[in-house]
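Tertiary structure, described
These are the residues of each chain, in order.
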Amino acid sequence: MKRLALYLLLIISLPSMAQTEREHNFDVAKNMNVFNTIYKNLDLMYVDTLNANEVIGNGINAMLRSLDPYTEYYPEDKVKTLKSMITGRYAGIGSIIRYNHHNKQVIIEEPYANMPAAEAGLKKGDIILAIDDSSMMNKSTSYVSQHLMGDAGSTFLLKIKRPSTGKVMKIKITRKAIQLPAVPYYGMQAGNIGYINLSSFTEDCSKNVRRAFIDLKKQGAKGLILDLRGNGGGSVSEAANVINMFVPKGLSLVKTVGKLKRANSEYKTTVEPIDTIMPMVVLVDGGTASSSEITSGSLQDLDRAIILGTRTYGKGLVQLTMDLPYNGSMKLTTGKYYIPSGRCIQAINYKHARGGYTEHVPDSLTKEFHTANGRIVRDGGGIMPDVEVKPDTMSNIAVYLSNSDGYGVAVDSTESMLEYEINYIAKHPTLQDPAGFQISDEDFEDFKKCVIKNGFTYDRESEKYLKNLVKLAKFEGYYEDTKADFDNLEKKLSHNLSRDLDHNKKELKEIISKDIVTAYHFQSGAIQNTLLRDKQMKEALRLLNNPAEYRKILQPKK
C-alpha cells in the first residue's frame, strides 16, 4: 500500500512539475524578447548614438550583481584580468602601486623581490610621471596599472621622480611574466616550530608548501604553524593537495553540490601524506576565505590541527569559468561546497527572488556537526577557531597616518609617514636584520617633529562623540546645568598632537619599522618583522610547546 501511495503521489506531481517548467521557460523567452526589443528601440530612436558594449555590458553586470558578488562577466579586453586572478600570473613590472592623494599621482608602493621593478631600482615613493609617450599625470591607479602591464618580453620607458632627491629619471624596463609568491616566507621559529605563510591558492602553490614543509622537517621542526590569514582562496584542487600532505590517503575532503549533477565534484586525498602526526596550528582571520576555509575547515573537521585566530570570512560558494562568444568569459557560481563533517560554511544568503538583498545567517539558525573526534562544529558564518585570539586593534591616529597616503586631513601638509619613510630609506642604503629591526627612539622623535611641523591633523573620535553629546544635552534641556562639566571635559580632550603621538609611540614605531623593512627585504622581510610582536603567533607557539593542552583542545568537551 505504501509503495502504491508513493506511486500515485508521483503521478499526481508530474503534471504540476511540467506546468512549472513550462511557465519558467515561457518567462525566460518573454523577458529575453522584451530585453531585445527595448535595446532595438533604444538603438533606433534614442536621442544619442549608443555604445553597445557599454550599454549592454552595464545591463549584463547589473543582472549578475543581483545574484552574488562572485558571478562576473569578463569581456574580451578583461579576460587577462580573470586569468591572472586564477593563476596568480600576469606580465608587468611586479610592484604594488597606489594613488597618493597629496600630490595626486600614482606612486610605487612595494616592488616584489626579483621582479623588473626591483631589478630596475625602483623604490617606495617613486612618482610615476609617464609610460613611453603617455603622461600619467593625474591618472587613476587602474589606468596606470593597465599601461604598466603588457606582453612578457616587451619593453617600455618609465619616467619617474624620486621624492627624496627631486631627481627625474627615465628607466627602460622589460616586462616579464609575474608569478606572485604563494609562499612569501617560511622559516624556523622559537622552540623548533616551523612556520609557513601561504598567501593564496594559485596554480602549483601546493608544490611550494610541500617544498617548504620538507625543508622545515629537515631542519628539525617538531610542530608547524600554517598561516592563512588574509588568504582569499583560489584553486580548490590546490587546497586539497595541501590538506593531503597532513592526512591519510583516501579521505573525502570537499564535495561541491549544485543544480546540475554533472557539475558536482568530490575531492579526495589521492597520495600518501608527508606527516600525519606533527602538531599543527592554522592561523585564520576575517580575510581567510574560500579555499583557505576549505583547508582550515577540513583540518578542523579531521581533528588534524588547531584553528587559531578569529572567525573566517564564510565563503561556501563554488565558481566555474565558462567561455563566451567573442572571446569573453564568465565566472559563474554553480554550487556550494561541503567539508568532511558535512557542513557548508557560507555566511550570507543571497535572496534573488526578493530584489537581490543579502542576509547573514544568524548564529541561532546554524546547525551542529561533528568532527572525527566528536567535537561540535557549526555551519554558516565561516570557520570558528578552536582558540579565539583577537589581534591588537589599530589606534585612530595610526589609521590616519598609515592609511592611504598618511596625510590625514592636512591639505597643505608636505610631510607624512610616507615622506618620513622615503627619507629614512634614502639615508640608509642597507638594512641587515629584517626580523629584529625597529626604528630607535631618536628616529621616532625625528618622525614626530616631521609630522608636527607639517600641520598633520586628524578626526578624533572622542571629539566627535563630545560634540554629539553636547547637541543631545541641548536638545533635552540639560546643557545649561552641566555646561561647566562639558567645558572642563572639552579642555581635557583638547587636541594635542605631540601627546597623541607619544601615547601611540609603540604602535607607530612598529608600523614604520615594517614599512621600512619591506623596502629592503620585500614581503618576506615584512612578515619576519611582524611575527615577533604577533599575539596570535605567540599563542600558537605556546600551544605547540604544550602537548597536553594541545591534545585536550582536539578532544570533545565532556
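Everything in this summary refers to the structure shown in the same document. (Residues numbered from 1 in each chain as written. Predicted model: local features only at pLDDT ≥ 70, side-chain atom pairs only at ≥ 80, totals over all residues. Heavy atoms only, no water.)

**A word on the overall build of the protein chain**
Scanning the protein chain from terminus to terminus reveals 17 helices and 23 strands. Looking at the protein chain alone, contacts between residues at least 24 apart form 69% of all its contacts between residues at least 6 apart. Total accessible area on the protein chain is roughly 30900 Å²; 54% of this is exposed by carbon and sulfur atoms. (Helix = DSSP H or I, 4+ residues; strand = E, 2+ residues; numbered from the N terminus. Contact = heavy atoms within 4.5 Å. Areas by Shrake-Rupley, 256 points an atom, 1.4 Å probe, with all protein chains shown as cover.)

**Remarks on a nonpolar patch on the surface**
Together, Val34, Ile38, Leu42, Tyr46 and Val47 line one region of the surface with nonpolar side chains, adding up to about 480 Å² of accessible area. Summarising the element assignment, Ile38 is placed in helix H1 (residues 2–45). (Patch = residues over 30% accessible without salt bridge, like charges linked within 9 Å, V, L, I, M, F, W, Y side chains within 5 Å. Salt bridge = Lys/Arg side-chain N within 4 Å of Asp/Glu carboxyl O.)

**Quick word on the nonpolar core**
A general trend in soluble globular proteins is that nonpolar side chains are found buried together. One finds Ile196, Leu198, Ile225 and Val282 to be the most contacted residues of the largest nonpolar core, which totals 56 residues. There are two domains that each give this core at least three residues, and those are domain 3 (185–317 + 334–391) and domain 4 (396–460 + 495–537). The contact partners of Leu198, leaving out residues within four places of it in the chain, are Ala182, Val183, Cys205, Val209, Leu226, Asp227, Leu228, Asn231 and Val242. Listed in part, the 23 residues of the second largest apolar core include Met417, Ile425, Phe444 and Ile512. (Core = buried A, V, L, I, M, F, W, Y, C linked by side-chain atoms within 4.5 Å. Buried < 20%, exposed > 50% of the residue type's maximum accessible area, 1.4 Å probe, protein only. Domains from an automatic or database assignment.)

**Quick word on the pairing of strand S8 (residues 167–174)**
Across eight bridges, the pairing between strand S7 (residues 155–162) and S8 is antiparallel. The residue of S8 that forms the bridge with Arg162 is Lys167. Connecting S7 to the next strand, S8, in antiparallel fashion are four residues, including Gly166 with a positive phi near 75°. (Pairing = 2+ DSSP bridges.)

**Comments concerning the pattern of salt bridges**
One pass over the full model with this rule turns up 24 salt bridges. One salt bridge in this structure joins Lys207 and Asp204, with 3.8 Å as the shortest N-O distance. When its relative accessible area of 34% is taken as the criterion, Asp204 is described as partly exposed. Where Asp534 meets Arg229, a salt bridge forms, and the shortest distance between an N and an O atom there is 2.8 Å. Taken together, the positions of Asp534 in the loop between helix H15 (505–531) and helix H16 (535–544) and Arg229 in the loop between strand S12 (223–227) and helix H7 (236–244) put the pair 305 residues apart, joining distant regions of the chain. Judged by its relative accessible area of 14%, Asp534 falls in the buried class.

**A closer look at the pairing of S7**
Working note: regular strand, side chains alternate between the two faces of the sheet. Residues Phe156, Leu158, Ile160 and Arg162 point to one face of S7 and are all buried, whereas Thr155, Leu157, Lys159 and Lys161, pointing to the other face, are not buried. One ladder, built from four bridges, connects strand S5 (residues 127–131) with S7; its direction is antiparallel. Across the sheet, the residue bridging to Ile128 is Ile160, located in S7.

**Notes on the packing of aromatic side chains**
Counted by the stated rule, this structure contains six aromatic pairs. Aromatic pair Phe444 and Phe447: ring centres 5.8 Å apart, planes at 50°, arrangement tilted. In this pair, Phe444 and Phe447 both sit in helix H11 (residues 441–453), three residues apart, roughly one turn of the helix. Put simply, the rings of Tyr420, Tyr424, Phe437, Phe444 and Phe447 pair up and form one aromatic cluster. It is Lys139 that lies over the ring of Tyr143; its NZ or CZ is 4.9 Å from the centre. (Phe/Tyr/Trp six-rings, centres within 6.5 Å; stacked < 30°, edge-to-face > 60°. Lys NZ or Arg CZ within 6 Å of the ring centre and 35° of its normal.)

**Side note on helix H6 (residues 205–218)**
Given 3.6 residues per turn, any residue in an α-helix points the same way as the ones three and four places further on. End to end, H6 covers 20 Å across 14 residues, agreeing with the expected 20 Å (1.5 Å per residue, within 8%). When H6 is considered as a whole, its buried residues turn out to be Cys205, Ser206, Val209, Ala212, Phe213 and Leu216. Projected onto a plane normal to the axis of H6, the buried residues spread over an arc of 125° and lie on a single side. In H6, the exposed positions that point more than 90 degrees away from the buried face belong to Arg211 and Lys218. Contact partners of the buried residues in H6: strand S10 (185–189), strand S11 (193–197), S12 and H7. Gly220 sits one or two positions beyond H6 and adopts a positive phi of about 100°. (Expected span 1.5 Å × (residues − 1). Arc of directions from axis to C-beta.)

**Thoughts on the sheet that holds strand S23 (residues 387–388)**
If you trace the six strands from one edge of the open sheet to the other, you get S10-S11-S12-S15-S16-S23, paired in mixed fashion. The open sheet terminates on both sides in strands that have one partner only, identified here as S10 and S23. Where S11 and S12 come together, five bridges link them in parallel fashion. Residue pairing in the sheet places Tyr195 in a bridge with Ile225 of S12. Contacting S10 and S11, H15 runs over the sheet at an angle of about 35° to S10. Docked against the sheet, H16 engages S10, S11, S12, strand S15 (280–284), strand S16 (306–309) and S23, running at close to 165° with respect to S15. (Axes fitted to C-alpha atoms, helices over the stretch in contact; angles between N-to-C directions.)

**Points about the environment of Ser235**
Tracing the chain through its elements places Ser235 in the loop between S12 and H7. Put simply, Ser235 and Cys205 are 30 residues apart on the chain and 9.3 Å apart in space, counted from C-alpha to C-alpha. Filtering out sequence-adjacent residues up to four positions away, Ser235 remains in contact with Phe201 and Ser291. Side-chain polar atoms of Ser235 contact the backbone nitrogen of Glu238, separated by 3.1 Å. (Polar contact = N/O pair within 3.5 Å; in protein donor to acceptor, adjacent residues only side chain to side chain.)

**Some remarks on the side chain of Gln300**
Residue placement: Gln300 occurs in helix H8 (residues 291–301). Exposure remark for Gln300: the relative accessible area of 2% places this residue in the buried category. Excluding residues within four positions of it along the chain, Gln300 makes contact with Ala305, Ile307, Arg343, Thr371, Arg375, Val377, Ile383, Met384, Pro385 and Asp386.

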